[in-house]
Amino acid sequence: MGITWPAGKANPEVLIIDCFDPRFKLAFNWLPTMLEAEESKVLRIRVPGGPAPLAHEEKPRDFTARRDEIILALSHFPSLQTVVAVGHEDCAWYGKNPDKHTEKEDLPKIVQTIREISRDKEILVFYFRFNNQNRTEIALERIKQG
Ligand SMILES: [Zn+2]
């Protein structure tokens, strides 16, 4: 028979798509608490760039491989009610381009892609940025869309 495990989060209600940047991990981990979402109902996709690949179909495959993973999750779970797209400042996925806030500018396009795949879901968008020059503190912005 072998060992079997229960399939966790078979019916997730909230999908959080965020980046694995360790500088933002504590802030990102706080999101379910902020959203008052039960941890057992939260599915998290934590990949380089977070939802960024959803805005860039044109990038090379090794950049956008995670796009498929995100799209699969979006279309695979009928139980999903809320999709949370999380962008952050100075994301390495975009390369070194400190003067351009591409991460933030991409969020509307990301929302558009999510909406195309899962029309009936609530979409929440957040942008995390450094709040001081020493980059020891992070602030959260809720991005309104539509
Ligand atoms: Zn990042």
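Attention in this report is confined to the structure presented alongside it. Note that the structure is predicted; figures quoted are calculated from it, not measured.

**A closer look at the overall build of the protein**
Secondary structure summary: the protein contains five helices and five strands in total. Computed over its C-alpha atoms, the radius of gyration of the protein comes to 15 Å, within 12% of the 15 Å expected for a compact globule of 146 residues. Taking the principal axes of the C-alpha coordinates as reference, the protein spans close to 55 × 35 × 35 Å. In the protein, which comprises 146 residues, the share counted as buried stands at 30%. Sequence separation of 24 or more characterises 69% of the internal contacts of the protein that already satisfy a separation of 6 or more.

**Looking at the environment of F130**
Looking at the secondary structure, you find F130 in strand β4 (residues 122–130). Looking at F130, the number of C-beta atoms within 10 Å reads 16, which means it is partly exposed. Remark: the alpha-carbon pair of F130 and L140, spanning 10 residues in sequence, is separated by 8.8 Å. With sequence-adjacent residues up to four places away left out, F130 is seen in contact with E89, R135 and I138.

**Structural notes on the nonpolar core**
With 29 residues, the main nonpolar core has L15, V84, A85 and V86 as its most contacted residues. Those elements giving two or more residues to this core turn out to be β1 (14–18), α1 (25–29), α3 (61–76), β3 (82–88), α5 (107–117) and β4. Excluding residues within four positions of it along the chain, V86 makes contact with I16, I17, D18, F28, G50, P51, F126 and F128.

**Focus: α3**
Helix length check: α3, at 16 residues, gives a terminal C-alpha distance of 22 Å against a target of 22 Å (1.5 Å per residue), a fit within 8%. Listed in full, the buried residues belonging to α3 are R66, R67, I70 and L74. Along the axis of α3, the buried residues cluster in a sector spanning 120°; they form a single face. Exposed residues lying more than 90 degrees from the buried face of α3 are R61, D62, A65, D68, L72, S75 and H76. At its buried positions, α3 is contacted by β1, β2 (42–46), β3 and α5.

**Observations regarding α5**
Looking at α5, one finds that the buried residues are L107, I110, V111, T113 and I114. For α5, the arc enclosing every buried residue in end-on projection is 160°, short of the 170-degree limit, so these residues lie on one face. Tucked inside the fold, the buried residues of α5 contact α3, β3, α4 (102–105) and β4.

**Side note on the pairing of β3**
The buried fraction of β3 amounts to six of the seven residues, a majority that puts the element mostly inside the structure. As paired elements, β1 and β3 share four bridges and run parallel to each other. Bridge pairing in β3 places I17 opposite A85. In terms of strand pairing, β3 meets β4 through seven bridges, oriented parallel. Bridged to A85 within β4 is V125.

The rules we used
Residues numbered from 1 in each chain as written. Predicted model: local features only at pLDDT ≥ 70, side-chain atom pairs only at ≥ 80, totals over all residues. Helix = DSSP H or I, 4+ residues; strand = E, 2+ residues; numbered from the N terminus. Rg over C-alpha atoms; globule rule 2.2 N^0.38 Å. Buried ≥ 20, exposed ≤ 12 C-beta atoms within 10 Å, placed from the backbone. Contact = placed C-beta atoms within 7 Å. Core = buried A, V, L, I, M, F, W, Y, C linked by C-beta atoms within 7 Å. Expected span 1.5 Å × (residues − 1). Arc of directions from axis to C-beta. Pairing = 2+ DSSP bridges.

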